[in-house]
Amino acid sequence: LGGVGKTQIALKFAEEVSNQYAHIFWVDATNEDIISDSLKGISSIPEAKRTNIDGTPEAVLYWIASL
């Protein structure tokens, strides 16, 4: 269902709860390859780099879970 405001609702929710969380990650879930690319992108944020994760989607998910 395109154009019904799903993204706007998600953005508003993230804005409303942002003070309750240290991180909010935006992952494009268009398809499996894009999800993988989005997770790899998260591995490049400074805090993730400091933990030396290898950048695989699985490692990024493990790191997120450890937060």
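Residues numbered from 1 in each chain as written. Predicted model: local features only at pLDDT ≥ 70, side-chain atom pairs only at ≥ 80, totals over all residues. Heavy atoms only, no water.

Undergrad: Mind showing me how you'd approach the overall build of the protein chain here?
TA: Along the backbone of the protein chain there are 4 helices and 0 strands. With respect to the three principal axes, the spread of C-alpha positions in the protein chain is 40 × 30 × 15 Å. Scored against the burial criterion, the 67 residues of the protein chain give a buried share of 19%. In the protein chain, the share of contacts with a sequence separation of at least 24, taken over all contacts with a separation of at least 6, comes to 12%. Accessible surface, the protein chain as shown: approximately 5200 Å² in total, 56% of it carbon and sulfur. (Helix = DSSP H or I, 4+ residues; strand = E, 2+ residues; numbered from the N terminus. Buried < 20%, exposed > 50% of the residue type's maximum accessible area, 1.4 Å probe, protein only. Contact = heavy atoms within 4.5 Å. Areas by Shrake-Rupley, 256 points an atom, 1.4 Å probe, with all protein chains shown as cover.)

Undergrad: Even after reading the chapter, I still don't get the packing of helix H2 (residues 32-42) against helix H4 (residues 57-66), so can you show me in this structure?
TA: A pair of packed helices can be characterised by two numbers: the angle between their axes and the separation between those axes. Put simply, H2 and H4 touch, their axes get as near as 8 Å, and they point 55 degrees apart. The angle between the axes of H2 and H4 places the two elements in the oblique class. Between H2 and H4 lies a crossing whose hand is left-handed. Of the residues in H4, those touching H2 at Ser36, Leu39, Lys40 and Ile42 are Pro57, Val60, Leu61, Trp63 and Ile64. Taken together, the residues that form the contact of H2 with H4 break down as 7 nonpolar, 1 polar and 1 charged. (Axes fitted to C-alpha atoms, helices over the stretch in contact; angles between N-to-C directions. Parallel < 35°, antiparallel > 145°, perpendicular 65-115°, else oblique. Left-handed = near helix turned anticlockwise from the far one by under 90°. Nonpolar A, V, L, I, M, F, W, Y, C, P; charged D, E, K, R; others polar.)

Undergrad: What exactly am I supposed to notice about the nonpolar core here?
TA: What tends to happen in soluble globular proteins is that the nonpolar side chains get buried as a cluster. Counting residues in each nonpolar core, the largest one holds 5 residues, listed as Leu39, Ile42, Ala48, Val60 and Trp63. Listing elements by their share of this core, those giving two or more residues are H2 and H4. In contact with Ala48, not counting residues within four places along its chain, are Ile42, Ser43, Ile53 and Trp63. (Core = buried A, V, L, I, M, F, W, Y, C linked by side-chain atoms within 4.5 Å.)

Purely geometric stuff here, so don't read any function into it on its own.
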